[in-house]
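Listed below are the residues making up each chain.
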Amino acid sequence: MGAATTTASAPPRECDLAVVGAGIVGLAAARELALRHPGARVAVLERESRLGAHQTTHSSGVIHAGIYYRPGSLKARLCVAGARELYGYCDERGIPARRAGKVIVAVRPEELPRLDELERRGRENGVPGLRRIGPDDLGEIEPHARGLAALHSPATGVVDFGRVAEAFASDLTAGGGTVHTGCAVRTTRAGEAGIELEHAAGTTRARAAVLCAGAWSDRLAVAAGAPADPRIVPFRGAFLRLRDGRSHLVRTSIYPVPDPELPFLGVHLTRGLDGEVHMGPSALMVGARDAYSLRSVAGRDLRETLAWPGTRRLLRRHWRTALAEVRRAASRRAMVAELRRFVPELRTGDVEFGFAGVRAQALARDGTLVDDFVVSRTERAVHVRNAPSPAATSALALARLIADEVEPELA
Ligand SMILES: Cc1cc2nc3c(=O)[nH]c(=O)nc-3n(C[C@H](O)[C@H](O)[C@H](O)COP(=O)(O)OP(=O)(O)OC[C@H]3O[C@@H](n4cnc5c(N)ncnc54)[C@H](O)[C@@H]3O)c2cc1C
């Protein structure tokens, strides 16, 4: 995604609402609040030089249907509603979004009870069109996939979340809002009269602020007086790509039955809008919150990850998984072996490096990877402290929840 055409240069000294972070969540929240309050001065402050520079443009691009999530959780509610609204929005705005469908495949007998549980969750969450299928139907949908049983979700799709974020930004600016790139917010100070955001270009005073800073969200929350728990730890997700001539191995999306202990969906194969098939992602804890390269290490990021009690507890509990992730990150062969469980024709020579993203994953002090979305408050501010997948899918619905939280400050 290129730089937005709507970027204003200097941030305002005063506005009604300041939103930190021009990822898909921040832009969706800013748009929602600008629509609710015509005439309000809404300013988005983004530290990078373009919109959606981090997770928003480094994802699988999958519109999730809402299968995996615990019924009643924010993820379950907001993903099902968000996916429906996102398809509608893309239709309206002429943004390509394809309901390609996906299969979740069980390959071992011990995965069948977990597939049952996913089916139960999907039904309770109201996922449209979900059905259980056997090997024959699986072969019809994905001729090169093998498994004992699968769930087919026709409502799962693919989209370019970067384009969606850009459309949110242009809705915002069409209504008089502004987006300011190259504007890193260092800290905030709240008081009777409002909240001040100190940034690279000076200070912006607002009636209220919404902070959607992705991988850096815990820092801004703590600076505003929120508890340190949970901390963001970065998990790098690398994707391989199927070489030309082999992409017929995958028609739609093929996912494994995930490990119920972890909030990640497991390494999968997905045909994107452009017809390319990507495979991954790995899930490796890394030394920088923007570790797009494995060699990237940022002293402060690494120190904060290592000093956090949750990190030690997580590694103690999941050391086997952590070792497997190191293997997968170091070796294409290991990643391909994992995928060959359900696409047996896949060979190491069929793949090459694709791209990498970094997940902003909240880790609690007790070592639990926080599964659900977390939105919390400090004086005059609302903080999005955990917005991992499927937050891009859920952005329109999550934006409403964030807007409801900040509403009393704007009344
Ligand atoms: C590998 C991977 C695969 C994924 N696959 C999917 C998927 O298929 N479907 C799905 O729904 N979700 C997926 N996700 C999750 C999805 O990408 C995220 O949930 C979503 O993009 C979060 O959006 P965000 O706006 O919160 O964060 P981001 O897009 O990371 O945006 C945060 C923004 O805040 C800015 N910022 C940070 N600190 C400051 C500061 N101090 N001052 C100003 N600006 C600041 C950053 O520069 C950034 O632009 C995936 C994520 C990854 C990493």
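Because the structure is predicted, anything quoted here is derived from the model rather than measured. (Residues numbered from 1 in each chain as written. Predicted model: local features only at pLDDT ≥ 70, side-chain atom pairs only at ≥ 80, totals over all residues. Heavy atoms only, no water.)

With that settled, consider the site of the ligand. Around the ligand lies a shell of 37 residues, among which E46, T56, V62, A387 and T393 are the nearest. At 3.0 Å from an oxygen atom of the ligand is found a side-chain nitrogen or oxygen belonging to Q55. A distance of 3.1 Å separates a nitrogen atom of the ligand from a polar backbone atom of S60. Here the ligand has 1000 Å² of accessible area as a free molecule, and 97% of this is covered by the chains. A breakdown of the residues in the shell around the ligand according to their chemical character gives 20 nonpolar, 13 polar and 4 charged. (Near = heavy atom within 4 Å. Polar contact = N/O pair within 3.5 Å; in protein donor to acceptor, adjacent residues only side chain to side chain. Areas by Shrake-Rupley, 256 points an atom, 1.4 Å probe, with all protein chains shown as cover. Nonpolar A, V, L, I, M, F, W, Y, C, P; charged D, E, K, R; others polar.)

We now examine the side chain of R271. By the secondary structure assignment, R271 is in strand β16 (residues 268–271). In this structure, R271 is buried with no salt-bridge partner, the nearest side chain bearing the opposite charge being E142 at 7.1 Å. Within the structure, R271 has its side chain in polar contact with the backbone oxygen of V250 (distance 2.7 Å). Among the polar contacts listed, one links the side chain of R271 to the backbone oxygen of R251, at a separation of 3.3 Å. When near neighbours in sequence (up to four residues on either side) are disregarded, R271 contacts R98, V158, S247, H248, V250, R251, T252, S253, E276 and V277. (Helix = DSSP H or I, 4+ residues; strand = E, 2+ residues; numbered from the N terminus. Buried < 20%, exposed > 50% of the residue type's maximum accessible area, 1.4 Å probe, protein only. Lys, Arg positive; Asp, Glu negative; His and termini not counted. Salt bridge = Lys/Arg side-chain N within 4 Å of Asp/Glu carboxyl O. Contact = heavy atoms within 4.5 Å.)

Across the sheet, which stays open at both edges, the 3 strands sit in the order β4-β9-β5 with antiparallel pairing between neighbours. Strands at the two margins of the open sheet, each flanked by one partner only, are β4 (62–63) and β5 (97–98). Here 2 bridges tie β4 to strand β9 (residues 157–159), and the two strands are oriented antiparallel to one another. By the bridge assignment for β9, I63 is matched with G157. (Pairing = 2+ DSSP bridges.)

Taken together, the side chains of V297, L302 and L306 define a hydrophobic patch exposed on the protein surface, amounting to about 270 Å² of accessible area. One can find V297 in the loop between β18 (284–285) and α7 (299–307). (Patch = residues over 30% accessible without salt bridge, like charges linked within 9 Å, V, L, I, M, F, W, Y side chains within 5 Å.)

Attention now goes to the pattern of salt bridges. If you walk through the whole model with that rule in mind, you get 41 salt bridges. Ionic pairing is found between D16 and R41, a salt bridge with its closest N-O pair at 3.3 Å. Within this pair, whereas D16 is found in strand β2 (residues 14–20), its partner R41 is found in the loop between α1 (24–36) and β3 (42–45), the two being separated by 25 residues in sequence. The partly exposed category is assigned to R41, whose relative accessible area is 42%. Here E124 ties to R120 by a salt bridge, and the two come within 2.8 Å at their closest N and O atoms. Taken together, the positions of E124 and R120, both in helix α3 (residues 112–125) and 4 residues apart, correspond to about one turn of that helix.

It is worth spelling out the pairing of strand β13 (residues 202–211) at this point. Summarising the sheet, β2 and β13 pair through 6 bridges and their orientation is parallel. Paired with L17 across the bridge in β13 is A208. The pairing of strand β12 (residues 194–199) with β13 spans 5 bridges and is antiparallel. Directly across from L197, in β13, lies its bridge partner T204. Adjacent in sequence and paired antiparallel, β12 and β13 are bridged by 2 residues. Here β13 pairs with strand β21 (residues 381–386) via 3 bridges, running parallel. Following the sheet pairing, V210 is matched in β21 by V382.

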